[in-house]
Amino acid sequence: MKNTVVVGAQFGDEGKAKITDLLAQEADFITRFQGGSNAGHTVVVNGKKYAFHLVPSGILYENKTCMIGAGCVIKPDDLKNEIENIILQGVSREHFETCLKISPLAHITMKYHTDIDGYSENNLKENKIGTTKKGIGPTYTDKYNRCGIRVEDLFNKEILSKKLDVILPKKNRELEFVYNLKPYSKEEILLECDEYRKILAPYVDFNWENNLLDNLKNKTILFEGAQGVMLDIDYGTYPYVTSSSPTAGGACVGASMGAKAVERAIGVFKAYMTRVGEGAFITELTDLEGEKLRSIGGEFGVTTGRPRRCGWFDTISAKYAVLVGGLTEIALTKLDVLDSFDEIKLAVAYKNKKTGEIIKYYPTNVYTHQDYEPVYEVHKGWMKDITKCKTYDELPENAKLYLKRLEEILGIKITIISVGPDREQTIFL
Ligand code: GDP
Ligand code: IMO
Ligand code: MG
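All values reported here derive from a predicted model rather than from experimental measurement.

1. Structural notes on the packing of helix α4 (residues 111–123) against helix α7 (residues 157–178)
The description of two packed helices rests on the angle between their axes and on the distance between the axes.
Okay, step 1: Viewed as axis vectors pointing N to C, α4 and α7 meet at an angle of 25°, and their least axial separation amounts to 12 Å. Accordingly, the angle class assigned to the pair α4 and α7 is roughly parallel. The handedness of the crossing between α4 and α7 is left-handed. Here Tyr-112, Ile-116 and Tyr-119 of α4 lie close against α7, whose contacting residues are Ile-167, Lys-171, Glu-174, Leu-175 and Val-178.
Okay, step 2: When the residues that make up the contact of α4 with α7 are grouped by side-chain class, the tally is six nonpolar, no polar and two charged.

2. Focus: the nonpolar core
Okay, step 1: Formed by 67 residues in total, the largest nonpolar core has its most connected members in Phe-223, Phe-269, Leu-332, Leu-338 and Tyr-402.
Okay, step 2: Per element, the largest residue contribution to this core is six residues, and it comes from helix α13 (residues 397–410).
Okay, step 3: Taken domain by domain, the makeup of this core includes at least three residues from each of domain 1 (4–105 + 204–266) and domain 3 (270–325 + 332–428).
Okay, step 4: In this structure, Phe-269 is in contact with Ala-9, Gln-10, Glu-14, Phe-313, Ala-318, Val-322, Leu-327, Ile-330, Ala-331, Leu-332, Thr-333 and Leu-410, ignoring residues within four places of it in sequence.
Okay, step 5: Counting residues in each nonpolar core, the second largest holds 56 residues, with Ile-108, Ile-149, Tyr-179 and Tyr-196 among its members.

3. Quick notes on the site of ligand 1
Okay, step 1: If you check the shell around ligand 1, you find 19 residues, and the closest are Lys-16, Gly-40, Thr-42, Asp-336 and Ser-418.
Okay, step 2: At 2.7 Å from an oxygen atom of ligand 1 is found a side-chain nitrogen or oxygen belonging to Thr-42.
Okay, step 3: A distance of 2.8 Å is found between a nitrogen atom of ligand 1 and a side-chain nitrogen or oxygen belonging to Asp-336.
Okay, step 4: When ligand 1 sits alone it has 590 Å² of accessible area, and the protein chains cover 92% of it.
Okay, step 5: Put simply, ligand 1 lies in the second largest pocket.
Okay, step 6: Listing elements by their share of the shell around ligand 1, those giving two or more residues are α1 (16–24) and β3 (41–45).

4. A short note on the coordination of the magnesium ion (ligand 3)
Okay, step 1: Coordination of the magnesium ion (ligand 3) by the protein is provided by Asp-13 (OD) and Gly-40 (O), with metal-donor distances spanning 2.0 to 2.1 Å. You can see Asp-13 sitting in the loop between β1 (4–8) and α1 and its partner Gly-40 sitting in the loop between β2 (29–32) and β3, a full 27 residues away along the chain.
Okay, step 2: On the basis of relative accessible area, Gly-40 is assigned to the buried category, the value being 14%.

5. Focus on the site of ligand 2
Okay, step 1: In the neighbourhood of ligand 2, 21 residues make up the surrounding shell, with Asp-13, Lys-16, His-41, Thr-132 and Thr-242 lying closest.
Okay, step 2: One of the side-chain nitrogen or oxygen atoms of Lys-16 is found 2.6 Å away from an oxygen atom of ligand 2.
Okay, step 3: Between ligand 2 and the protein, one listed contact pairs an oxygen atom with a backbone N or O atom of Val-276 at 3.1 Å.
Okay, step 4: For ligand 2, the protein covers 97% of the area, taking 550 Å² as the surface of the free molecule.
Okay, step 5: Its atoms largely coinciding with the cavity grid, ligand 2 occupies the largest pocket.
Okay, step 6: Residue composition of the shell around ligand 2, by class: eight nonpolar, ten polar and three charged.

6. Comments concerning the pattern of salt bridges
Okay, step 1: According to the stated counting rule, one finds 26 salt bridges in the structure shown.
Okay, step 2: For Lys-16, the salt bridge is made with Glu-14, and the minimal N-O distance between the two is 2.8 Å.
Okay, step 3: By relative accessible area, which is 3% here, Lys-16 ends up buried.
Okay, step 4: Residue Glu-14 is classed as buried on the basis of its relative accessible area, which comes to 0%.

7. Focus: the pairing of β1
Okay, step 1: Across the five residues that make up β1, a large majority, five, are buried.
Okay, step 2: Going residue by residue along β1, you find Thr-4, Val-6 and Gly-8 tucked away on one face and Val-5 and Val-7 tucked away on the opposite face as well.
Okay, step 3: Note that β1 and strand β10 (residues 264–270) share five bridges and pair parallel. Each bridged residue has a counterpart across the sheet, and for Val-5 the counterpart in β10 is Ala-265.

8. A look at the sheet that holds strand β9 (residues 221–224)
Pairing between the strands of a sheet comes from backbone hydrogen bonds, and it takes one of two forms, parallel or antiparallel.
Okay, step 1: Spatially, β7-β5-β2-β9-β1-β10-β14-β18-β19 is the arrangement adopted by the nine strands of the open sheet, whose pairing is mixed. On the outer flanks of this sheet lie β7 (100–102) and β19 (426–428), each paired with one strand and no other. Strand-to-strand twist in this sheet, taken as the mean axis angle between neighbours without regard to direction, amounts to 25°.
Okay, step 2: The pairing of β10 with strand β14 (residues 329–333) spans five bridges and is parallel.

9. Considerations on the state of the cysteines
Okay, step 1: Taken as a whole, this structure holds zero disulfides when the rule is applied.
Okay, step 2: In this structure Cys-72 is not part of a disulfide, and its nearest cysteine sulfur, from Cys-66, lies 12 Å away.
Okay, step 3: Under the relative-accessibility criterion, Cys-72 is labelled buried at 0%.

10. Examining the environment of Thr-247
Okay, step 1: Positionally, Thr-247 belongs in the loop between β9 and α10 (248–254).
Okay, step 2: Apart from the residues within four sequence positions on either side, Thr-247 is in contact with Val-7, Phe-33, Val-229, Asp-232, Val-324 and Gly-325.

11. Overview of the domain arrangement of the protein
Okay, step 1: Domain annotation for the protein reports domain 1 (4–105 + 204–266), domain 2 (107–200) and domain 3 (270–325 + 332–428).
Okay, step 2: A straight line from the C-alpha centre of domain 1 to that of domain 2 covers 23 Å.
Okay, step 3: Listed as interface residues are 28 residues of domain 1 and, on the opposing side, 21 residues of domain 2.
Okay, step 4: Of the roughly 2100 Å² buried where domain 1 meets domain 2, counting both sides, 65% is carbon and sulfur surface.
Okay, step 5: Ranking the residues of domain 1 by area buried against domain 2 places Val-73, Pro-76 and Leu-105 at the top, with a combined share of 26%.
Okay, step 6: Connecting domain 1 to domain 2 are one salt bridge.

12. Points about α4
Note on helix geometry: an α-helix contains 3.6 residues per turn, so any two residues three or four positions apart are oriented the same way.
Okay, step 1: Taking 1.5 Å per residue as the helical rise, α4 with its 13 residues ought to reach 18 Å, and the 18 Å between its terminal C-alpha atoms agrees with that figure.
Okay, step 2: Residues of α4 that are buried: Tyr-112, His-113, Thr-114, Ile-116, Asp-117, Gly-118, Ser-120 and Glu-121.
Okay, step 3: As for α4, its buried residues are in contact with β8 (107–108), α5 (136–144), α7 and α8 (186–200).
Okay, step 4: Within two residues after α4, Lys-125 carries a phi angle of roughly 50°, on the positive side.

Cut-offs applied
- Residues numbered from 1 in each chain as written.
- Chains lettered and ligands numbered in written order.
- Predicted model: local features only at pLDDT ≥ 70, side-chain atom pairs only at ≥ 80, totals over all residues.
- Heavy atoms only, no water.
- Axes fitted to C-alpha atoms, helices over the stretch in contact; angles between N-to-C directions.
- Helix = DSSP H or I, 4+ residues; strand = E, 2+ residues; numbered from the N terminus.
- Parallel < 35°, antiparallel > 145°, perpendicular 65-115°, else oblique.
- Left-handed = near helix turned anticlockwise from the far one by under 90°.
- Contact = heavy atoms within 4.5 Å.
- Nonpolar A, V, L, I, M, F, W, Y, C, P; charged D, E, K, R; others polar.
- Core = buried A, V, L, I, M, F, W, Y, C linked by side-chain atoms within 4.5 Å.
- Buried < 20%, exposed > 50% of the residue type's maximum accessible area, 1.4 Å probe, protein only.
- Domains from an automatic or database assignment.
- Near = heavy atom within 4 Å.
- Polar contact = N/O pair within 3.5 Å; in protein donor to acceptor, adjacent residues only side chain to side chain.
- Areas by Shrake-Rupley, 256 points an atom, 1.4 Å probe, with all protein chains shown as cover.
- 1 Å grid on protein atoms, 1.4 Å probe; cavity = no way out; pocket = protein on both sides within 12 Å on 5 of 7 lines; lining within 4 Å.
- Sits in = over half its atoms within 2 Å of the grid points.
- Donors = N, O, S within 2.8 Å, 3.2 Å for Na, K, Ca; no water.
- Salt bridge = Lys/Arg side-chain N within 4 Å of Asp/Glu carboxyl O.
- Pairing = 2+ DSSP bridges.
- Disulfide = S-S within 2.5 Å.
- Buried area = accessible area lost by both parts, 1.4 Å probe.
- Expected span 1.5 Å × (residues − 1).

Have a look at this one:
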């Protein structure tokens, strides 16, 4: 397999983890490159369900290295809980200690970051983003404001202490006077850092540069994205986005690799769309049809349990995601969820509700989205259970027409079709 990046191409939860887990069979090195425990990734193996947040979805295989890359943010206590839960499901602690690696350059989500995220979400009222409250935005803010704490800082007490002398007085003023939140003493933060150091110590890869050279020379690399292009900090529905870059471009930066390392970018699309949190969603269905998609698709957040908003596939935002996400092929998931819909819709244009103007491009200013409604192309459903189809030929004719039309509009090939959550329920083309 060529070095491959798996990119969410919608608003997240497209089924990236299932695709990553499948492709991980052929990879040696699987690396997450952005995001943190805001992600909720589900892998199903022989009916057994695993939930990952920060741990790369390749962890279920032996003899693979799974890296949490420099572009990620880590909340060590959340990571600890995640690992313990997977251990309870039968994966050994030794396996984690052998296979899981953490970049010393990744940033730490401190308690004050989650305090600020929670405060903002609870107080912004109608302007809230609907974040996962995992402290993601405040951690990346500090990273880019050059006052973050990196994994490597935890392992050098002298430098950590000096850094805190600069960071903490500023942070405490922010906590107290901007957010009306409790400040932290240096002793409290040092204790927090002690706890985090113990949690991360077995996994931190201080030899990452040499290991990376080895991986680039001899190994197959799989880059695992979290979130999706429409949640990207630059290209998504800003400000209703996450604070990192889930695109193929983001993969190079976040995994400490050059552009040549990525040879193939698979955009994972659901056969319909979902979104958790606030922000425009032009094809959202707030009626019984949306309810039906949610209940058949099991559309509830893995991280927060929130019901996901559901709607039809939007080819306008999808074409935009192919472009800015740098996508070279498509993995289409959850096609089976459409089995009982007699009509399946594809948004092929937007109509301005005030002027009647039809547009076929994606308007990047999210505040204008309320002016648009989708223009649909209606396809006949197949009204048949496809969850046991193993080949493209076994798919019903109407399903094939739907897939062909998607390829035609998006201009890239569908190479993977997923017809159920299990590894087995996958058609490779
Ligand atoms: P991710 O965040 O992109 O990895 O996706 P999530 O794990 O948050 O959400 C995808 C959900 O759909 C999970 O519950 C998967 O087990 C499930 N899933 C993935 N592919 C399929 C599929 O083809 N059909 C069905 N019915 N479920 C799927
Ligand atoms: P996976 O990897 C779906 C959404 C949140 C919110 C916005 C910002 O499972 O696809 P954040 O906590 O990141 O600051 O929240 O982004 N969001 C996701 N939605 N899937 C995810 O991850 C998400 N991660 C963040 O709901 O709207
Ligand atoms: Mg998810």
